[in-house]
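# Summary of the model geometry
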Amino acid sequence: MEKIDVRGLSCPMPVIKTKKAMDQGAKDLLVVGTSQVSKENVMKLAGSQGYRVELTVDGKNEWEMKLNKQ
Amino acid sequence: MDRSKWFILIAGLCIGAIAAILVKLGNPLNMGFCIACFERDIAGALGLHRAGVVQYVRPEIIGLVLGAMLTAMFAGEFKTRGGSSTLVRFIMGVFMMIGALVFLGCPLRDVLRMAGGDYNAVVGFLGFIAGVGSGVFFLRRGFNLGRAEYSHSNVGGLLMPLFFAFLLFLLLKGTVFNPEAGGPLFFSKEGPGSMAAPLAISLAAGLIVGLLAQRTRLCLSGGIRDFILIRENYLLLGFIGIFLGALILNIVFGFFKPGFAEQPIAHTMHIWNFLGLYLVGLTATLLGGCPLRQLILTGEGDTDAAAVVVGMIVGAAFCHNFLLAASGAGVPTYGQIACVLGIVIIGWIGWSHREA
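Heads up: these notes are all about the structure in this document. Because the structure is predicted, anything quoted here is derived from the model rather than measured.

Below, the discussion takes up the overall build of chain A. What chain A contains, in helices and strands, is 2 helices and 4 strands. Along chain A, helices and strands appear, N-terminal first, in the series β-α-β-α-β-β. Against the 2.2 N^0.38 benchmark of 11 Å for 70 residues, chain A shows a C-alpha radius of gyration of 11 Å, consistent with a compact globule. Each principal axis of the C-alpha atoms in chain A carries an extent, and together these give about 30 × 20 × 20 Å. A total of 70 residues make up chain A; the buried ones form 46% of that total.

Counting its secondary structure elements, chain B contains 14 helices and 2 strands. A compact globule built from 356 residues would reach a C-alpha radius of gyration of about 21 Å, and chain B, at 19 Å, matches this within 12%. Considered along the principal axes of its C-alpha atoms, chain B spans approximately 55 × 50 × 45 Å. A buried classification covers 61% of the 356 residues belonging to chain B.

Residue and element names in this part refer to chain B. Among the structural elements, Leu212 can be located in helix 8 (residues 199-216). Residue class for Leu212 comes out buried when judged on its relative accessible area of 12%. Between the C-alpha atom of Leu212 and that of Ala11, which follows or precedes it by 201 residues, the distance is 6.1 Å. In this structure Leu212 touches Ala11, Cys14 and Ile15, once residues within four positions along its chain are discounted.

Interfaces are frequently sized by the accessible area removed from exposure as the parts join. Contact residues are listed per partner, giving 22 residues for chain B and 23 residues for chain A. A combined buried area of about 1,800 Å² lies between chain B and chain A, and 55% of that area is made up of carbon and sulfur atoms. Between Glu355 of chain B and Lys17 of chain A there is a salt bridge; the shortest N-O distance is 3.1 Å. Linking chain B to chain A there are 5 residue pairs in polar contact (both at pLDDT 80 or more).

A separate point is the packing of helix 4 (residues 86-103) of chain B against helix 11 (residues 270-287) of chain B. All names here are of chain B. Following both chains from N to C, one finds helix 4 and helix 11 inclined at 155 degrees, their axes separated by 7 Å at the closest point. In terms of axis orientation, helix 4 runs roughly antiparallel to helix 11. Both helix 4 and helix 11 take part in a crossing whose hand is left-handed. In contact with Arg89, Met92, Phe95, Met96, Gly99, Ala100, Val102 and Phe103 of helix 4, helix 11 contributes Trp272, Asn273, Gly276, Leu277, Leu279, Val280, Thr283, Ala284, Leu286 and Leu287. A per-class count over the contact of helix 4 with helix 11 returns 13 nonpolar, 4 polar and 1 charged.

Bringing the sheet that holds strand 3 (residues 52-58) of chain A into the picture now. All names here are of chain A. The sheet built from 4 strands is open, its strands ordered 1-2-4-3 with mixed pairing. Of all strands in the sheet, those with a lone pairing partner are strand 1 (2-5) and strand 3, marking the two edges. Strand-to-strand twist in this sheet, taken as the mean axis angle between neighbours without regard to direction, amounts to 20 degrees. For strand 2 (residues 28-33) and strand 4 (residues 63-68), the ladder comprises 6 bridges, and the chain directions are antiparallel. By the bridge assignment for strand 4, Asp28 is matched with Asn68. Along the sheet, helix 1 (residues 13-23) makes contact with strand 1, strand 2 and strand 4, crossing strand 1 at roughly 160 degrees.

All names here are of chain B. Contact geometry for helix 9 (residues 220-230) and helix 10 (residues 234-253): axes closest at 7 Å, N-to-C directions at 130 degrees. It follows that helix 9 is oblique to helix 10 by the angle criterion. Helix 9 and helix 10 meet at a crossing whose hand is left-handed. Mapping the contact onto sequence places Leu220, Gly222, Gly223, Ile224, Arg225, Asp226 and Phe227 in helix 9 and Leu235, Leu236, Phe239 and Ile242 in helix 10. Taken together, the residues that form the contact of helix 9 with helix 10 break down as 7 nonpolar, 2 polar and 2 charged.

Residues and elements named next belong to chain B. Together, Tyr119, Val122, Leu126, Ile129 and Phe260 line one region of the surface with nonpolar side chains, adding up to about 410 Å² of accessible area. Position of Val122 among the secondary structure elements: in helix 6 (residues 119-141). Classification of Val122 by relative accessible area gives partly exposed; the value is 36%.

This part covers helix 14 (residues 333-352) of chain B. Residues and elements named next belong to chain B. Taking 1.5 Å per residue as the helical rise, helix 14 with its 20 residues ought to reach 28 Å, and the 29 Å between its terminal C-alpha atoms agrees with that figure. Among the residues of helix 14, Gly335, Ala338, Cys339, Gly342, Ile343, Ile346, Gly347, Ile349 and Gly350 are the ones counted as buried. The buried residues of helix 14 all sit within an arc of 170 degrees when viewed along its axis, so they share a single face. Turned more than 90 degrees away from the buried face of helix 14, the exposed residues are Thr333, Tyr334, Val344 and Trp348. Here the buried face of helix 14 lies against helix 4, helix 6 and helix 11.

We now examine the environment of Ile35 of chain B. Residue and element names in this part refer to chain B. Mapped onto the secondary structure, Ile35 falls in helix 2 (residues 35-45). Judged by relative accessible area, Ile35 falls into the buried class, the value being 0%. Among all residues touching Ile35, those that are not within four sequence positions of it are Ile61, Leu64, Cys106, Leu108, Pro291, Leu292 and Leu295.

Calculation criteria
- Residues numbered from 1 in each chain as written.
- Chains lettered and ligands numbered in written order.
- Predicted model: local features only at pLDDT ≥ 70, side-chain atom pairs only at ≥ 80, totals over all residues.
- Heavy atoms only, no water.
- Helix = DSSP H or I, 4+ residues; strand = E, 2+ residues; numbered from the N terminus.
- Rg over C-alpha atoms; globule rule 2.2 N^0.38 Å.
- Buried < 20%, exposed > 50% of the residue type's maximum accessible area, 1.4 Å probe, protein only.
- Contact = heavy atoms within 4.5 Å.
- Buried area = accessible area lost by both parts, 1.4 Å probe.
- Salt bridge = Lys/Arg side-chain N within 4 Å of Asp/Glu carboxyl O.
- Polar contact = N/O pair within 3.5 Å; in protein donor to acceptor, adjacent residues only side chain to side chain.
- Axes fitted to C-alpha atoms, helices over the stretch in contact; angles between N-to-C directions.
- Parallel < 35°, antiparallel > 145°, perpendicular 65-115°, else oblique.
- Left-handed = near helix turned anticlockwise from the far one by under 90°.
- Nonpolar A, V, L, I, M, F, W, Y, C, P; charged D, E, K, R; others polar.
- Pairing = 2+ DSSP bridges.
- Patch = residues over 30% accessible without salt bridge, like charges linked within 9 Å, V, L, I, M, F, W, Y side chains within 5 Å.
- Areas by Shrake-Rupley, 256 points an atom, 1.4 Å probe, with all protein chains shown as cover.
- Expected span 1.5 Å × (residues − 1).
- Arc of directions from axis to C-beta.

This is how it looks when you write it as structure tokens:
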């Protein structure tokens with residue numbers, strides 16, 4: 001599983017980094033980040049690209065999610 | 001359309017309507033809100049520049065920051081963070097203001113000007129789209145200003161909101177620090193700076209828009225950026241909402257006057273309307289948000305965004321002290337040079353901050 005670290009990155013870097021990995025054909029991704037905005041944006045991107053989202057850590061200042069596409 | 005998209009569309013409609021109402025109550029035409037113009041007025045009120053016609057402590061700006069701060073605190077999102085190329089962001093704030101004052105407005109005022117029938121703003125809008133597109137080119141290429149870190153103390157994020165609260169205190173108290181000079185605080189007796197809705201209403205408008213913008217993450221450069229980058233129209237709906245809200249009330253109030261000539265606080269130099277907002281669009285995209293968004297982030301405790309806001313206030317002082325700022329008569333030569341120089345320097349920053 002490829003890990004993408006978007007902690008502390010401002011808009012729209014988290015989305016760009018995640019999308020880059022998706023475009024390279026990654027089916028399983030682990031994304032870690034900090035802000036609520038980046039969490040919402042990455043989840044939105046995952047939904048639009050047909051990935052299943054599993055939020056494994058959902059804190060106020062830290063989140064972690066697994067993205068998976070069949 | 002899902003619920004969040006309806007919410008941002010309605011929030012946009014409200015913001016556009018509030019802007020038109022502020023004009024009705026005394027703000028300059030097509031300037032219910034203008035982040036760049038109002039920060040420039042604040043710079044003038046503090047005496048950082050001495051352009052007599054644009055000096056006022058705009059309560060809308062104070063309301064935006066405090067409204068965003070209170071909303072973020074209630075939502076548990078207020079958190080001090082910073083350290084992502086802070087000085088670079090400050091300088092970018094300076095150039096974002098130069099671009100805005102060459103055009104005569106931030107992206108928010110561009111929307112409001114279009115909703116008032118100002119065709120020059122459409123030219124500016126095309127420049128803005130081109131600027132955001134150029135920013136997206138750098139983003140795709142790997143542009144990154146680096147990570148911000150959360151601070152172990154929340155004091156840093158409170159400093160700018162406290163500064164604006166202090167400005168409100170001075171405004172209400174009416175302190176004149178140097179009576180011989182007539183200020184600071186300076187207040188315009190004529191020109192745009194003298195035109196203002198009543199203080200309490202301006203402040204309330206700022207607080208409401210601060211709340212709405214914090215919740216919806218409204219961002220004008222972001223709307224176009226996300227559409228180009230990932231075909232996402234969420235933020236764009238906020239943009240459209242503002243336009244429609246202001247357009248409808250402008251027609252109702254009789255403010256809608258279509259045309260190029262004799263538009264309020266605007267000039268007809270097409271190339272500079274285009275390039276001014278090109279510079280703003282490019283800079284805002286690299287910074288991650290338009291001037292409005294930078295204010296909202298400042299209220300959330302983002303000290304990097306606060307550096308952009310301070311940069312914009314300093315940039316406004318440069319604009320008027322060095323005769324860079326446009327007026328109804330057009331863009332002065334130094335302003336034209338500064339705008340082109342700004343595009344080159346921001347382009348260089350965009351090119352050089354490529355992540356390996």
